[in-house]
Amino acid sequence: MEILINWAIFALRIYQWSILACIILRRFPEFQNNEFARIVSRIVDPFLEVFRKIIPPLGGFDLSVLVAIFALQLAISGLSLW
């Protein structure tokens, strides 16, 4: 059971880094046509859409990303306590 929890924590951390990579890649227009950027976007966008429905962008900033990362961090903390 401990191995599964460790793998789940690892996967959630990788997903957190994927969200950060996606956000960074979106800030640079020359990387938006990159195949890596498209793959990361396809993986991350469905999860972020859940939070974008709840929290609209404020002044051009997408704060839903912060809430999504916080939610993942809560999941990681919960799994770590188990």
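Keep in mind that this is a model prediction, so the values were computed, not measured.

K.L.:
Just checking my understanding: could you explain helix α1 (residues 2–26) for this structure?
P.N.:
An α-helix turns once every 3.6 residues. As a result, residues three or four positions apart point the same way. When the terminal C-alpha atoms of α1 are compared, their 36 Å separation across 25 residues agrees well with the 36 Å that a helix rising 1.5 Å per residue should span. Where α1 is concerned, the buried positions are I5, I9, Q16, I19, C22 and L25. Buried residues along α1 sit in contact with α2 (35–54) and α3 (64–81).

K.L.:
Even after reading the chapter, I still don't get a nonpolar patch on the surface, so can you show me in this structure?
P.N.:
On the surface, I3, W7, F10 and I14 cluster together into a nonpolar patch covering about 470 Å² of accessible area. Among the secondary structure elements, I14 is positioned in helix α1.

K.L.:
I tried to follow the packing of α1 against α3 on my own but got confused; where do I start?
P.N.:
Two packed helices can be described by the angle between their axes and the distance between those axes. Axis separation between α1 and α3 bottoms out at 9 Å; the angle between their running directions is 165°. Accordingly, the angle class assigned to the pair α1 and α3 is roughly antiparallel. The chirality of how α1 crosses α3 is left-handed. Every residue of α3 that contacts α1 at I5, A8, I9, L12, R13, Y15, Q16, I19, L20 and I23 is listed here: V65, I69, L72, Q73, A75, I76, L79 and S80. The residue makeup of the contact of α1 with α3, split by class, is 14 nonpolar, 3 polar and 1 charged.

K.L.:
Would you take a moment to explain the layout of surface pockets for this structure?
P.N.:
Over the atoms, a rolling probe the size of a water molecule traces out where space has been left empty. Size it by volume and the largest pocket reaches roughly 210 Å³. Lining the largest pocket are I23, R26, R27, G60, F61, D62, L63, V65 and L66. Of all the secondary structure elements, the ones that give two or more residues to the lining of the largest pocket are α1 and α3. For the lining of the largest pocket, the per-class residue count stands at 5 nonpolar, 1 polar and 3 charged.

Rules used throughout
Residues numbered from 1 in each chain as written. Predicted model: local features only at pLDDT ≥ 70, side-chain atom pairs only at ≥ 80, totals over all residues. Heavy atoms only, no water. Helix = DSSP H or I, 4+ residues; strand = E, 2+ residues; numbered from the N terminus. Expected span 1.5 Å × (residues − 1). Buried < 20%, exposed > 50% of the residue type's maximum accessible area, 1.4 Å probe, protein only. Contact = heavy atoms within 4.5 Å. Patch = residues over 30% accessible without salt bridge, like charges linked within 9 Å, V, L, I, M, F, W, Y side chains within 5 Å. Areas by Shrake-Rupley, 256 points an atom, 1.4 Å probe, with all protein chains shown as cover. Salt bridge = Lys/Arg side-chain N within 4 Å of Asp/Glu carboxyl O. Axes fitted to C-alpha atoms, helices over the stretch in contact; angles between N-to-C directions. Parallel < 35°, antiparallel > 145°, perpendicular 65-115°, else oblique. Left-handed = near helix turned anticlockwise from the far one by under 90°. Nonpolar A, V, L, I, M, F, W, Y, C, P; charged D, E, K, R; others polar. 1 Å grid on protein atoms, 1.4 Å probe; cavity = no way out; pocket = protein on both sides within 12 Å on 5 of 7 lines; lining within 4 Å. Points joined across faces, edges and corners; volume = space filled by probe spheres on them.

Don't take any of this as a statement about function, it's just geometry.
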